[in-house]
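So the chains spell out like this:
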Amino acid sequence: MNLFKNKGNIFIALVVFIIIVVISSFGSVISFLANYQWFGEVGYVGTFLTKIKTQLFLGVPLFIIVFLAFYLFVNKLKNKYYDETGVIPDEKTKKTLRIGIKMGAAVISFFFTISVVSDMWFEILKFFNSTSFNYADPLFGNDVSFYVFKLPVISSLINVGITLLFAFIVITVLYNILVMGTRQVNKQKEDEKVIDFEDLRRRGQLKFEGIDKKMITDVLKQISIFGFLLMILLGVTLWLRSYSLLYSHRGAVFGAGYTDILVDLNVYRVSAILAFVGSIAFLMGARKRKLKMALAFPVLIIVVTITGGILGGVVESFIVEPDQISKEAQYIQYNIFSTRKAFKLDEIEEIDFPVNYNLDSEDINNNPEIIKNIRINDYRPIKQTYNQIQAIRPYYLFNDVDVDRYMINGEYRQTFISGRELDQSRLTDQAQNWVNQYLKYTHGYGFTLSPVNEVSSDGQPVLMVRDIPPTTTTDLKIERPEIYFGEKTNEYVIVKTDEKEFDYPLGNQNAEVIYQGTAGIELSGLNKLLFSLRERSYEILISNNINSESRIVLHRNVMERVNKIAPFISFDDNPYLILNQDDGKLYWIIEGFTTLERYPYSQPLEGSTLNYVRNSVKVVIDAYNGDTDFYIADADDPVIETYNKIFPDLLKPYEDMPLGIEFHTRYSQTFFDIQSELYRTYHMTDTNVFFGREDYWDISQEKYMGNEQTVESNYVMFKLPDREEVEFLLTVPYSPTGKNNMTAMLAGGNDNENYGKLFVYKFPKGQNIPGTNMIEARIDQDSEISPQLTLWSQEGSSVLRGNLIIIPIEDSLLYVEPIYLQASNGTNSLPEMKRVIIGYGDQIVMGNTLELALDKIFGDIAEDPDEADREDEVEQTIEELIIRATEAYQNAVEAQRNGNWSSYGIYINQLERLLERLQEEQGIEIEEEQTVEEEAIENLENTENSENTDTE
């Protein structure tokens with residue numbers, strides 16, 4: 001009490017409290033100012049402020065209400081304490097206590113408000129912007145939006161009310177204990193008017209003689225209103241809890257079952273009614289000081305709950321389990337229907353595929369678009385190869401290889417593509433200084449692209465785009481190869497400084513550049529100090545290289561970027577890189593998902609509580625400028641529509657996506673894998689068949705890289721039934737559980753009007769269609785193939801099997817598996833694609849190339865009609881390379897004349913790469929290639945002599 005009598009101590013405590021608040025919030029203020037500018041840079045200030053405005057809108061009135069409630073209640077108890085105990089403190093003590101109560105109420109209200117608002121702001125926004133699912137649950141008849149958007153808010157508000165009421169009850173009980181203790185102390189110190197609690201504690205006189213029945217009844221009377229309200233809220237909670245049965249795990253399937261409806265539902269409803277009636281009984285009993293009347297109904301609710309639990313176990317064991325199919329049939333059907341709807345399995349189109357092994361060479365020749373896009377490379381060896389032969393420098397890294405398709409020289413080609421990113425952690429220790437990490441080494445450069453169906457004579461991928469700067473013999477346009485935003489760009493950088501950035505290696509020198517894009521926040525004025533504090537880097541503040549036009553570029557990692565902007569959307573952790581052929585720029589595409597845990601009767605994913613998923617968002621990020629656009633990919637998803645109402649500046653219609661980017665969007669492999677896993681069970685719609693798992697499917701198995709694994713979903717190009725054009729499809733095969741034959745294949749469309757559509761090829765059940773594992777077994781048993789693979793394994797090489805790809809063609813199926821050889825010794829040895837195995841019907845063959853393997857099965861295979869004269873094409877390619885090499889040489893000479901040595905180095909480097917391409921070009925007789933190359937060199941020499949003469 002002495003503390004409160006000293007104004008100086010109060011002032012010091014207040015000053016210390018203010019200092020602590022200022023220091024603790026300083027980092028938050030810095031973060032807010034930086035985030036505000038960053039969201040302004042990316043164009044999503046509205047999204048950023050939505051959270052803050054909502055929290056203020058909810059938090060301020062909630063704080064005032066809770067503060068007033070606590071202050072008035074505690075202040076009333078304080079005055080009552082004076083009256084009941086006879087304690088008459090002096091005016092200074094009264095004033096001090098008033099200040100203490102206000103500060104205590106303010107602190108409690110502040111932290112309570114922060115806790116509530118931080119958890120509920122988004123739920124409340126979804127409540128007021130909810131979108132109907134147009135689907136009612138089969139048990140209570142409520143639209144799914146009630147459970148997804150409304151019920152969580154109602155339940156949370158009830159919990160807030162219960163928490164406040166419980167706090168008031170606790171305060172009341174503590175107050176009564178304090179009053180009792182004071183009265184007992186007063187008996188021992190009747191002559192003292194002001195109580196020194198610390199002195200009494202030291203002398204052991206602050207103690208209680210016990211709590212009697214009168215005290216309990218007094219407390220009940222004081223908390224009668226609180227108890228009355230608490231019982232009402234308990235009744236509402238019990239009534240709402242009946243909706244949780246929609247997510248029950250007890251029955252034959254997920255969702256309310258026979259026992260849940262018969263026992264648990266009635267227990268909840270009876271308990272809720274007892275709580276409502278008990279609220280009145282509690283109020284009356286507490287007012288009349290009748291303890292039994294007040295507590296009778298709470299005890300009765302506990303008895304009913306325990307009895308219901310026992311009865312539920314008895315009903316499940318002795319009534320349901322002996323006759324489960326009959327008792328649970330209706331609820332199984334609810335589960336099937338809801339799960340299929342929640343994961344869009346109900347939209348899968350079934351296609352009967354009568355497998356007829358009647359292909360001939362004419363059929364093969366009539367489907368060149370399919371044959372030329374059969375994948376005989378694999379992304380794992382490709383990634384290793386890219387990093388070995390195209391990384392160029394140790395600090396470059398191909399982080400991931402993605403499958404895509406491009407129109408190349410007028411042909412629809414399936415390709416591998418990977419960006420050459422700069423990984424700062426790979427810089428030498430000496431090079432890892434502040435200037436290099438944040439001003440100099442700012443970006444990656446270029447990408448590598450290769451067709452999935454071509455390899456060179458040494459088993460390596462044929463590179464359509466390669467080297468630095470990127471060179472290509474295709475019609476692909478590459479205008480901006482720089483990668484400032486990617487998967488490995490984990491640090492901020494500062495651009496447009498007086499220190500030129502490293503652009504790419506150029507012989508013994510380096511090409512340098514000044515950033516010309518729009519990314520970044522200007523480091524002018526106070527921003528220099530602000531971001532120096534934010535990044536805890538004094539170098540930003542004192543560096544002479546940073547000028548008024550310099551910009552700091554934040555959140556360059558594309559995954560970090562999208563999660564920063566829209567943390568309420570789930571994102572695939574595997575972005576894929578594309579080249580927009582319209583503007584020649586690189587972009588990243590990231591799949592965004594909306595997920596739920598409260599979709600009634602829908603089966604949760606294994607190992608998860610999620611029971612609703614939609615691939616509703618495609619995010620496009622400019623690799624040079626960092627522009628980040630969110631497009632709605634599934635306009636029928638009520639969740640994304642609700643988000644669109646909440647954040648009107650965030651999402652754009654899918655139609656607004658540039659066509660050059662839309663061409664490269666794909667059906668999400670992650671979402672497809674989720675659907676394919678569930679479809680193993682939920683293709684069965686008959687209740688009896690589903691219950692007995694009579695037609696349960698497994699995803700097929702394969703041998704891959706020396707191990708057995710479940711077949712991965714693969715992007716494959718073939719024709720859908722009744723389609724004339726080949727399409728880019730995502731597929732996975734199924735086998736009956738425990739069997740090796742193939743019963744079905746699921747395919748997801750990626751192109752044009754088939755984007756997002758799922759098709760399942762159902763194969764004849766009376767016919768033994770080989771599954772991937774059966775083909776693998778045949779390979780191992782083949783008298784020609786198996787000994788050859790064994791021999792290679794014994795000759796110092798590792799035999800690695802690629803993915804076994806299944807290709808529907810006409811009414812038949814082709815199985816294609818590449819075989820890689822890798823030297824067992826040496827850590828830098830590259831896998832080389834050396835053989836192609838093809839399975840067709842009962843035949844298994846192996847050839848040096850896909851064409852030779854096909855020839856073994858179908859006889860003479862004509863060359864592609866579009867490439868009837870291979871020699872002419874090669875000659876045309878070489879002529880084009882000669883023309884480009886000549887142009888590069890002439891440009892180098894012109895740059896030399898002008899003294900532009902940076903450009904001179906670029907053109908010489910291009911010339912070197914083009915000459916290497918001339919040497920690698922194959923497909924005609926070696927002698928002829930040499931003749932052409934000699935002619936090219938002679939032309940270049942003549943040009944050089946001519947230019948030298950002009951110079952002289």
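Residues numbered from 1 in each chain as written. Predicted model: local features only at pLDDT ≥ 70, side-chain atom pairs only at ≥ 80, totals over all residues. Heavy atoms only, no water.

J.: I keep staring at the packing of aromatic side chains and nothing clicks. Help me out?
T.: The relation between two aromatic rings is expressed through the spacing of the ring centres and the mutual angle of the planes. With the rule as written, the count across this model stands at 60 aromatic pairs. Ring plane angle 90° and centroid distance 5.6 Å describe the contact between tyrosine 395 and phenylalanine 502, whose orientation is recorded as edge-to-face. Residue tyrosine 395 is located in the loop between helix 14 (379–389) and strand 2 (396–398), and its partner phenylalanine 502 is located in strand 11 (residues 501–506); the two are separated by 107 residues in the primary sequence. Phenylalanine 502 shares its class with tyrosine 395; the two are buried. Ring centres of tyrosine 441 and phenylalanine 502 lie 5.0 Å apart, and the angle between their planes is 40°; on these two criteria the pair is classed as tilted. Note that tyrosine 441 is positioned in the loop between helix 15 (434–440) and strand 5 (444–445) and phenylalanine 502 in strand 11, a separation of 61 residues in sequence. You'll find tyrosine 441 and phenylalanine 502 in the same group, each marked buried. Members of the aromatic cluster, joined through ring pairs, are Phe133, Tyr135, Phe149, Phe337, Tyr599 and Tyr612. The residue whose ring lies beneath lysine 327 is tyrosine 258, and the NZ or CZ to ring-centre distance is 5.9 Å. (Phe/Tyr/Trp six-rings, centres within 6.5 Å; stacked < 30°, edge-to-face > 60°. Helix = DSSP H or I, 4+ residues; strand = E, 2+ residues; numbered from the N terminus. Buried < 20%, exposed > 50% of the residue type's maximum accessible area, 1.4 Å probe, protein only. Lys NZ or Arg CZ within 6 Å of the ring centre and 35° of its normal.)

J.: What's the story with helix 10 (residues 291–320) in this structure? I'm lost.
T.: Along an α-helix, residues three or four positions apart point the same way, because every turn accommodates 3.6 residues. For helix 10, built from 30 residues, the straight-helix expectation of 44 Å at 1.5 Å per residue is met to within 8% by its first-to-last C-alpha distance of 42 Å. Every buried residue of helix 10 is listed here: Ala294, Ile301, Val304, Gly308, Gly312, Val315, Glu316 and Val320. (Expected span 1.5 Å × (residues − 1).)

J.: Would you mind going over the pairing of strand 29 (residues 805–809) with me for this structure?
T.: Within a regular beta strand, the side chains point alternately toward one face of the sheet and then the other, so they alternate between its two faces. Counting buried positions over the five residues of strand 29 gives five, a clear majority of the element. The alternating pattern of strand 29 places Ile805, Ile807 and Ile809 on one face and Ile806 and Pro808 on the opposite face, and all of these are buried. Across five bridges, the pairing between strand 29 and strand 30 (residues 812–823) is antiparallel. When the sheet's bridge partners are listed, isoleucine 807 is paired in strand 30 with leucine 814. (Pairing = 2+ DSSP bridges.)

J.: Help me out: how do you make sense of the side chain of threonine 259 in this one?
T.: For threonine 259, the location among the structural elements is in helix 9 (residues 258–287). Excluding anything up to four places from it in sequence, threonine 259 contacts Arg250, Asp264, Gly312, Val315, Glu316 and Val320. (Contact = heavy atoms within 4.5 Å.)

J.: Looking at this structure, I do not really get a nonpolar patch on the surface. What am I missing?
T.: A surface patch of nonpolar side chains, amounting to about 740 Å² of accessible area, comprises Phe26, Leu526, Leu529, Leu533, Tyr538, Leu541 and Ile542. In terms of residue count, helix 17 (residues 538–542) provides more of the nonpolar patch than any other element does, three residues in total. The partly exposed category is assigned to phenylalanine 26, whose relative accessible area is 46%. (Patch = residues over 30% accessible without salt bridge, like charges linked within 9 Å, V, L, I, M, F, W, Y side chains within 5 Å. Areas by Shrake-Rupley, 256 points an atom, 1.4 Å probe, with all protein chains shown as cover. Salt bridge = Lys/Arg side-chain N within 4 Å of Asp/Glu carboxyl O.)

J.: Looking at this model, I keep getting lost on the pattern of salt bridges. Mind explaining?
T.: Counting across every chain of the model gives 36 salt bridges. In this structure, glutamate 482 engages arginine 480 in a salt bridge whose closest nitrogen and oxygen atoms are separated by 3.0 Å. Owing to a relative accessible area of 7%, glutamate 482 belongs among the buried residues under this scheme. Shared partners join several salt bridges into a network, and the residues in it are Lys703, Glu776, Asp780, Arg801 and Glu817.

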